[in-house]
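Overview (structure and organization)
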Amino acid sequence: MFNHILNIIKKLMLFVIVMVFVATIGIIIFFLLDDAGHCREQGGVWDKYEKRCRTDCLTWKEEYGGCIKLLPHQILCFEQNKYKEKLSGCIDKTEDKELCLYNNKAWDNSLKECLFTFYKKQCGKLLGRWTYPKICNL
């Protein structure tokens, strides 16, 4: 009787050890194959729509309509530096308005900030002093 109980406990312990091992391997594989996580580690931005790592985006958010693209010279600077920590040296605050309009977003001239949630249907409808992107002239 005692040997039977001991065998059951041994099998149960073996099962638990195997399950912990399998779960650990699964977690490791998940993190190694996590494209979005790997992308961020490399200093990129994960594009959920295109399912790819982008180095031409400042950020990517659904409410912004996806990728907020860097200016061409900022992309070049980023590619030369390769690390997100150095990206801050590639972005000059004086270029905020240019970056905003480049991404077809509206620039608030009073607050000196970009409305990243701007869409073409809002052209000419915002209250205050705004600079609209070229898409509003089409």
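Before reading further, recall that the structure is shown in the block above.
Per chain, residue numbering runs from 1 following the sequence as it is written. Confidence filtering applies because this is a predicted model: local features only for residues at pLDDT of at least 70, side-chain atom pairs given and counted only at 80 or more, and all residues used for totals across whole chains, interfaces and linings. Water and hydrogen atoms play no part in the side-chain values, which are based on all heavy atoms of the structure.

**Some thoughts on helix H3 (residues 72-81)**
Quick note on the threshold: Buried, partly exposed and exposed residues are distinguished by accessible area as a fraction of the type maximum, computed with a 1.4 Å probe on protein chains only: under 20%, between the cut-offs, and over 50%, respectively. Put simply, DSSP marks the helices as runs of H or I at least four residues long and the strands as runs of E at least two long, and each gets a number from the N terminus on. When we speak of the arc, we mean the arc of directions from the helix axis to the C-beta atoms.
Of all the residues in H3, the buried ones are Gln74, Ile75, Cys77 and Phe78. The buried residues of H3 occupy an angular sector of 160° when projected down its axis, which confines them to one face. For H3, exposure combined with an orientation more than 90 degrees from the buried face picks out Pro72 and Gln80.

**Details of the sheet that holds strand S6 (residues 113-115)**
What counts here: Two strands form a pair only when DSSP identifies at least two bridges running between them.
Overall, antiparallel pairing links the three strands, which are arranged S6-S5-S7 in an open sheet. Two strands lie at the open edges of the sheet, namely S6 and strand S7 (130-131), each paired on one side alone. As paired elements, strand S5 (residues 106-108) and S7 share two bridges and run antiparallel to each other. Along S7, the bridge assignment pairs Trp107 with Thr131.

**Quick look at the side chain of Asp47**
How we decide: N or O atoms closer than or at 3.5 Å make up a polar contact, with two conditions inside protein: a donor-capable atom paired with an acceptor-capable one, and, for residues adjacent in sequence, both atoms drawn from side chains. Note on definitions: a residue-residue contact is assigned when non-hydrogen atoms from the two residues lie within 4.5 Å.
When you line up the elements, Asp47 lands in strand S1 (residues 45-47). Of the polar contacts made by the side chain of Asp47, one reaches the side chain of Arg54; its length is 2.8 Å. In this structure, Asp47 is in contact with Arg52, Arg54 and Trp60, ignoring residues within four places of it in sequence.

**Quick word on the packing of aromatic side chains**
Heads up, the condition is: By convention, a stacked pair of Phe, Tyr or Trp rings (six-membered ring in the case of Trp) has centres within 6.5 Å and planes under 30 degrees apart, an edge-to-face pair has planes over 60 apart, and any other such pair is tilted.
Taken as a whole, this structure holds three aromatic pairs when the rule is applied. Seen from their ring centres, Tyr49 and Trp60 are 4.8 Å apart, and the 75° between their planes marks the pair as edge-to-face. Of the two residues, Tyr49 is situated in the loop between S1 and strand S2 (52-54) and Trp60 in strand S3 (residues 57-61); the sequence distance between them amounts to eleven residues. For Trp60, a relative accessible area of 9% gives the class buried.

**Quick notes on the state of the cysteines**
For clarity, the cut-off: Working definition: a disulfide is two cysteine sulfur atoms within 2.5 Å of each other.
One pass over the structure, following the stated rule, counts four disulfides. The side chain of Cys39 participates in a disulfide bridge whose partner is Cys53; the two sulfur atoms lie 2.1 Å from each other. Residues Cys39 and Cys53 are joined by a disulfide whose S-S torsion is about 80°; by sign, that bridge is right-handed. Here Cys53 lies in strand S2 and Cys39 lies in helix H2 (residues 35-41), a separation of 14 residues in the sequence.

**So, the pattern of salt bridges**
Pairs can form between side chains of opposite charge whenever their charged atoms are close. Definition in use: A side-chain nitrogen of Lys or Arg and a carboxyl oxygen of Asp or Glu constitute a salt bridge if their distance falls within 4 Å.
This model, assessed by the stated rule, comprises five salt bridges. A salt bridge links Asp56 to Arg54; the shortest N-O distance between them is 2.9 Å. Taking the relative accessible area as the measure of exposure, Asp56 reaches 16% and is therefore buried. Looking at Arg54, the relative accessible area reads 5%, which means it is buried.

Purely spatial values, then, with no claim about function.
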